[in-house]
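So you can see what is in the structure, the chains are spelled out below.
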Amino acid sequence: MRHLMSPLDFSVEELYQLLDLAEDIKLAPAKYAHACDGKILATCFYEPSTRTRLSFESAMLRLGGNVLGFASADSSSAAKGESVSDTIRMISAYADICAMRHSKEGAPMVAASKSSIPVINAGDGGHQHPTQTLTDLLTIRSLKGRLTNLTIGLCGDLKFGRTVHSLINALLRYKDIRFVFISPKELRIPSYIQEDILTKNNIPFQEVIRLEDVLPQLDLLYMTRVQRERFFNEEDYVRLKDFYILNKEKMELAKEDMLILHPLPRVNEISVEVDSDPRAVYFQQVQYGLYVRMALILTLLEISL
Ligand code: NCD
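Note that the structure is a prediction, hence the values are computed from the model and not measured. Along every chain, residues carry numbers that run from 1 in the direction the sequence is written. Selection of residues for local features in this predicted model requires a pLDDT of at least 70, selection of side-chain atom pairs for listing and counting requires 80 or more, and totals for whole chains, interfaces and linings are taken over all residues. Derived side-chain values reflect all non-hydrogen atoms in the structure, with water molecules and hydrogen atoms excluded from consideration.

A word on the overall build of the protein chain. In terms of regular secondary structure, the protein chain is built from eleven helices and nine strands. Radius of gyration means the value over C-alpha atoms here, while the globule rule gives 2.2 Å times the residue count to the 0.38 power. Computed over its C-alpha atoms, the radius of gyration of the protein chain comes to 19 Å, within 12% of the 19 Å expected for a compact globule of 305 residues. Overall, the C-alpha framework of the protein chain stretches about 55 × 45 × 40 Å when taken along its three principal axes. Relative accessibility under 20% of the residue-type maximum defines a buried residue, over 50% an exposed one, and the middle range a partly exposed one, all with a 1.4 Å probe and only protein chains included. Looking at the protein chain as a whole, 55% of its 305 residues are labelled buried. For the protein chain, the exposed area adds up to about 13300 Å²; of that, 50% sits on carbon and sulfur atoms. When charges are counted, Lys and Arg are positive and Asp and Glu negative, with His and the chain ends excluded. For this purpose, a charge sits on NZ of Lys, CZ of Arg, CG of Asp or CD of Glu. In the protein chain, 35 side chains carry a positive charge and 39 a negative one; their mean positions are 1 Å apart. Every helix listed is a DSSP run of H or I at least four residues long, and every strand listed is a run of E at least two residues long, numbered separately from the N terminus. Note on areas: Shrake-Rupley, 1.4 Å probe, and residue coverage restricted to the protein chains presented here.

This part covers the sheet that holds strand β8 (residues 220–223). The parallel open sheet is built from five strands, whose spatial order is β7-β6-β5-β8-β9. Every interior strand has two partners, whereas the edge strands, β7 (205–208) and β9 (259–261), have only one. On average, each strand axis in the sheet is inclined to that of its neighbour by 20°, with strand direction left out of account. Bridge count for strand β6 (residues 177–182) against β7 is four bridges, and the pairing is parallel. Across the sheet, Ile 182 pairs through a bridge with Val 208, a residue of β7. Docked against the sheet, helix α5 (residues 130–144) engages β5 (150–155), β8 and β9, running at close to 165° with respect to β9. Think of it this way: DSSP has to see at least two bridges between two strands before they count as a pair. To get an axis, a line is fitted to the C-alpha atoms, and for a helix only the part in contact is used. The angle between two axes follows their N-to-C directions and goes from 0 to 180 degrees. The contact rule is simple, with two residues in contact once any of their heavy atoms fall within 4.5 Å.

Looking now at the packing of aromatic side chains. Stacked, tilted and edge-to-face are the three classes assigned to paired rings of Phe, Tyr and Trp, where Trp is represented by its six-membered ring and a pair needs centres within 6.5 Å; plane angles under 30 degrees give stacked, over 60 edge-to-face, the rest tilted. Taken as a whole, this structure holds eight aromatic pairs when the rule is applied. With 5.2 Å between their ring centres and 80° between their planes, Tyr 46 and Phe 70 make a pair best called edge-to-face. A residue pair is termed long-range when its members are at least 10 positions apart, and Tyr 46 in the loop between β1 (40–45) and α2 (51–62) and Phe 70 in strand β2 (residues 66–70) qualify at 24 residues. Plain terms: the ring middles of Phe 179 and Phe 181 are 5.8 Å apart, the flat faces sit at 10° to each other, and that makes the pair stacked. Like Phe 179, the residue Phe 181 is buried in the burial classification. Following the ring pairs from residue to residue traces out a cluster consisting of Phe 160, Phe 231 and Tyr 237. In this scheme, the term charge over a ring applies when either NZ of a lysine or CZ of an arginine sits within 6 Å of the ring centre and within 35 degrees of the ring normal. The ring of Phe 56 has Arg 293 sitting right over it, with the charged end atom 5.1 Å from the ring centre.

In structure tokens:
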């Protein structure tokens, strides 16, 4: 039995197969409409979510399966003090696969160690968000045609943003990837990622504060929200929340084929006027997220047509 805790749980080869499967589902969804008949997905979300939870549920329903679960810690027995380990033992009796989001780093890993069904990490604190990364990889591969030879700007909250941490981990395995980290100094990429991951693997990277200075060299711009819920005080959040606002004027500096990705939710970091720019692909990214989660459910349940 397999779980998904980090994007590195799949080999490069397995990842390609998963993305191929997602693309096939996109082309011929009807073929998969009953692939999960009789199966149940549990969504155990201890932290707020719109896209991730609903896309998991939609993915399972579109595969013919059923879903159950909870959308906040308050509405589950966690409010009574039940541990994640006990909860997953019980969920294992009710469902065939579980997607779990938790504010504590490592909680889904603890669950996986006690589970008799596959567990998917749907985001653990500021640590990892592997299914967002699968979504990002599918979006990049489909719209850019490659996962190699890319200059990727990551902008915003690089300290707490788990989507950024997961994406960096996954992209290191492809050739000729260069990162440009764009953040205020308070929200810099953690030093463990710089030292243990990037420097160790000889991945070129650059750190800057001003987005305008680097926009012209980017093939991809991955924007992120400043993560209010992970700040220790409101004052710092208020000071940093509008540090970056991507608007039409700034987009004039970008390459004609640069893509803008964003895991969403967006707050103010991309002004709505940019949404109609053909380079803005964050809503298409949401659609890719659905197909990749369908592919992931099939893969972890070892269902092939
Ligand atoms: C992200 C997350 O939860 O980390 N959202 C998502 O799942 N698409 C990003 C965010 O909340 O800012």
